[in-house]
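Listed here are the chains, written in short residue letters.
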Amino acid sequence: LEQAVRQVDVATPEALFAAGTLAYETGDYADAAGWFDTAIRNARREARDARILEHARFFLAASMLASGSREDAARALHLMDQALDTVKPDRKSVV
């Protein structure tokens, strides 16, 4: 995974999502948010499967909310609202 995300501009959204998930699971929400944000950017650029985009939005929002940052709360709620149209917030829905 470390090799797959070394160059974030060319890393696949799936690898970036996996890195974000690992950071999220260890409680490093700021790092997780960065990985998920980059996964979203790369998924849009590559016109990838919408599922990875929606899951990355969901976990970006969750990371932002878990970090407790008030500055990001409005964006996090907007992302969460978008993602909940398609993503179910349980472990089974993870890509």
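The rules we used
- Residues numbered from 1 in each chain as written.
- Predicted model: local features only at pLDDT ≥ 70, side-chain atom pairs only at ≥ 80, totals over all residues.
- Heavy atoms only, no water.
- Helix = DSSP H or I, 4+ residues; strand = E, 2+ residues; numbered from the N terminus.
- Expected span 1.5 Å × (residues − 1).
- Buried < 20%, exposed > 50% of the residue type's maximum accessible area, 1.4 Å probe, protein only.
- Contact = heavy atoms within 4.5 Å.
- Salt bridge = Lys/Arg side-chain N within 4 Å of Asp/Glu carboxyl O.

J.: Hey, could you run me through helix H1 (residues 13–25) in this one?
T.: Note on helix geometry: an α-helix contains 3.6 residues per turn, so any two residues three or four positions apart are oriented the same way. The first and last C-alpha atoms of H1 sit 18 Å apart over 13 residues, in line with the 18 Å expected at 1.5 Å per residue. For H1, the set of buried residues is Pro-13, Ala-15, Leu-16, Phe-17, Ala-19, Gly-20, Thr-21 and Ala-23. Against the buried residues of H1 lie helix H2 (29–46) and helix H3 (50–67). Looking at the residues trailing H1, positive phi occurs at Gly-27, about 85 degrees.

J.: How should the pattern of salt bridges be read in this particular structure?
T.: All told, the structure shown has two salt bridges when counted by the stated rule. Between Asp-37 and Arg-75 there is a salt bridge, and its shortest N-O distance comes to 3.1 Å. Taken together, the residues span a long stretch of sequence, with Asp-37 in helix H2 and Arg-75 in helix H4 (residues 73–83) at a distance of 38 residues. The salt bridge partner of Arg-57 is Glu-54, with a shortest N-O separation of 2.6 Å. Of this pair, Arg-57 and Glu-54 both sit in helix H3, three residues apart, roughly one helical turn. This pair shows no difference in class: Arg-57 is buried, exactly as Glu-54 is.

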